[in-house]
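# Fold and geometry: a report
Chain by chain, the residues run as shown.
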Amino acid sequence: MKMSDRVAIVTGSTAGIGQEAAKLLAKRGCRVVVTGTRTEKIEETLEAIRADGGVAEGIAANIGVDEDLDKLVAFAQESFGGVDILVNNAGITRDNLFMRMKDDEWDQVIALNLSSVFKLSKRVIRTMMKTRYGRIVNVTSVVGFSGNAGQTNYTAAKAGLVGFSKSLAKEVASRGITVNCVAPGFIQTAMTEKLNEKAQEAILGQIPMGAMGSVDDIASAIGFLASDEARYITGETIHVNGGMYM
């Protein structure tokens, strides 16, 4: 899956799934824009990509701030001449039971996990339309399909990404642009490693494959949908969850 000279923005690319996706795309030849809110983490990611022979530049940006989105897209254009691939990965959680959930806990999650995807996609889609090429990959979640107690805000945003992706896919397909989703299940991260043994056993009991996934598993699905091999796939969701949701 050679992707020489394609330009990719990966949001939330300083840790976890986003970082692994950025590293994979760079390894396959993309020129990658690394972005997050912490400068030191951006530098660490850039160092890792460059040490492996990849090409990348980084910029600090808060995807919840319109001016930062403008700055991010302008940076990609100034650094590499445009944007061919957009991976909308960044997001937050503000978990709470519905009856206790505050308005700002709802608003923050919808803004960061859903509205920012609309805004950033809108900023890059015009260039993609002109070049008649584009790949937009949105990272949703298994809970956007199954639901999850204590996450009405998060699940609403993640489910919303699916409808958004299908609708946008229909609008831009004739211009050579695909819009797809990857829906991770439970993934082994620093957060899941902190769970006690009982909590981990409860999670594993829901997964037919009997193990959590890795960030590599998700990055591979993102890399496929961002490639030319996936040119005839659009408006779809790839579920990567070990059989937890079928």
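Let me sum up the structure you'll find in this document. (Residues numbered from 1 in each chain as written. Predicted model: local features only at pLDDT ≥ 70, side-chain atom pairs only at ≥ 80, totals over all residues. Heavy atoms only, no water.)

### Re the packing of aromatic side chains
Stated precisely, the cut-off is as follows: Only rings of Phe, Tyr and Trp enter the pairing, Trp through its six-membered ring, and a pair is recorded when the two centres are within 6.5 Å. The plane angle decides the type: under 30 degrees is stacked, over 60 is edge-to-face, the rest tilted. Put simply, DSSP H or I for four residues or longer makes a helix, DSSP E for two residues or longer makes a strand, and each gets a number counted from the N terminus. Type-normalised accessible area, obtained with a 1.4 Å probe on protein chains alone, sets the label of each residue: buried when under 20%, exposed when over 50%, and partly exposed for intermediate values. Here, a charge over a ring means that NZ of Lys or CZ of Arg falls within 6 Å of the ring centre while also lying within 35 degrees of the ring normal.
Counted according to the given criterion, the structure contains one aromatic pair. For the pair F145 and Y245, a centre-to-centre distance of 5.8 Å together with 45° between the ring planes defines the contact as tilted. One end of the pair, F145, is in helix α5 (residues 143–146); the other, Y245, is in the segment after β7 (237–240), with 100 residues separating them in the sequence. Taking relative accessible area as the criterion, F145 reaches 29% and is therefore assigned partly exposed. Taking the ring centre of Y133 as reference, the NZ or CZ of R6 above it sits at 3.6 Å.

### Here's the deal with the packing of helix α1 (residues 16–27) against helix α9 (residues 215–225)
The test is simple: Under this scheme, a helix contributes an axis fitted over its contacting stretch, all axes are lines through C-alpha atoms, and angles between N-to-C directions fall in the 0 to 180 degree range. An angle below 35 degrees is read as roughly parallel, one above 145 as roughly antiparallel, one from 65 to 115 as roughly perpendicular, and any other as oblique. Handedness of each helix crossing follows the sense of rotation of the near helix against the far helix: counterclockwise by less than a right angle gives left-handed, clockwise gives right-handed. Note on contacts: a residue pair qualifies if any of its non-hydrogen atoms lie within 4.5 Å across the two residues. Residues are grouped as follows: Ala, Val, Leu, Ile, Met, Phe, Trp, Tyr, Cys and Pro are nonpolar; Asp, Glu, Lys and Arg are charged; all remaining types, including Gly, are polar.
Viewed as axis vectors pointing N to C, α1 and α9 meet at an angle of 50°, and their least axial separation amounts to 8 Å. Between α1 and α9, the angle is such that the two are oblique. Like other packed secondary-structure pairs, α1 and α9 cross with a definite hand, here right-handed. Residues G16, I17, E20, A21, L24 and L25 of α1 touch α9, and the partners they reach there are V215, D216, I218, A219, S220, I222 and G223. Residues of the contact of α1 with α9, tallied by class, amount to eight nonpolar, three polar and two charged.

### As for the pattern of salt bridges
Heads up, the condition is: Only one rule defines a salt bridge in this text: a Lys or Arg side-chain nitrogen within 4 Å of an Asp or Glu carboxyl oxygen.
What the rule picks out here adds up to 10 salt bridges. Its salt-bridge partner being E44, residue K41 comes within 3.7 Å of it at the nearest N-O pair. In this pair, K41 and E44 are both assigned in helix α2 (residues 39–51), three residues apart and thus about one turn of the helix distant. A relative accessible area of 28% means that K41 is categorised as partly exposed. Note on E44: relative accessible area 44%, which makes it partly exposed. Residues E57 and R50 are paired through a salt bridge, measuring 3.3 Å at the closest nitrogen-oxygen approach. You can call E57 partly exposed: its relative accessible area is 32%. The class of R50 is partly exposed, set by a relative accessible area of 39%. Taken together, the salt bridges that share partners define one network made up of R6, R135 and D228.

### Structural notes on the nonpolar core
Nonpolar side chains tend to gather and get buried jointly when the protein is soluble and globular. Which entries qualify depends on this criterion: Nonpolar core, defined: a set of buried Ala, Val, Leu, Ile, Met, Phe, Trp, Tyr and Cys residues in which side-chain atoms within 4.5 Å join the residues together.
By size, the foremost hydrophobic cluster in this structure holds 31 residues, and its most contacted members are L25, V32, V182 and I222. Elements that contribute at least two residues to this core include exactly β1 (7–10), α1, β2 (31–36), α2, β4 (85–88), β5 (134–139) and α9. Dropping the residues within four chain positions of it, I222 is found in contact with I17, A21, V87, V137, V139 and V182. Counting 25 residues, the second-largest nonpolar core is a separate cluster that includes A61, L69, L72 and I177.

### Considerations on helix α4 (residues 103–131)
For the record, the criterion: The length a helix should cover is 1.5 Å for every residue beyond the first. What we call the bend at a residue is the angle made by axes fitted to the seven residues finishing there and the seven residues starting there.
End to end, α4 covers 41 Å across 29 residues, agreeing with the expected 42 Å (1.5 Å per residue, within 8%). By the largest-angle criterion, A111 marks the main kink of α4, which is about 40°. Where α4 is concerned, the buried positions are E105, V109, I110, L112, N113, S116, V117, L120, S121, V124, I125 and M128. The inward-facing, buried residues of α4 contact α3 (66–80), β4, β5, α6 (152–172) and β6 (177–184). Just beyond α4, the residue with positive phi is R132, at close to 60°.

### Considerations on the pairing of β1
As a reminder, the rule being used: Think of it this way: DSSP has to see at least two bridges between two strands before they count as a pair. By convention a crossover is right-handed if, when the strands point away from the viewer, the path from the first strand over the helix to the second runs clockwise.
With burial as the criterion, each face of β1 is covered, one bearing V7 and I9 and the other bearing A8 and V10. Taken together, the four bridges between β1 and β2 define a ladder with parallel strand orientation. Within the sheet, the bridge partner assigned to A8 lies in β2 and is V32. Considered for its hand, the β-α-β crossover made up of β1, α1 and β2 is right-handed. Two elements, β1 and β4, share three bridges in a ladder whose sense is parallel. Residue pairing for β4: V10 is matched across the bridge by V87.

### Thoughts on the environment of I136
Mapped onto the elements, I136 comes out in strand β5. A sequence separation of 89 residues divides I136 from L225, and the C-alpha atoms of the two residues are 8.4 Å apart. Excluding residues that lie within four positions of it along the chain, I136 makes contacts with L86, N88, S121, I125, M128, L168, T178, V179 and N180.

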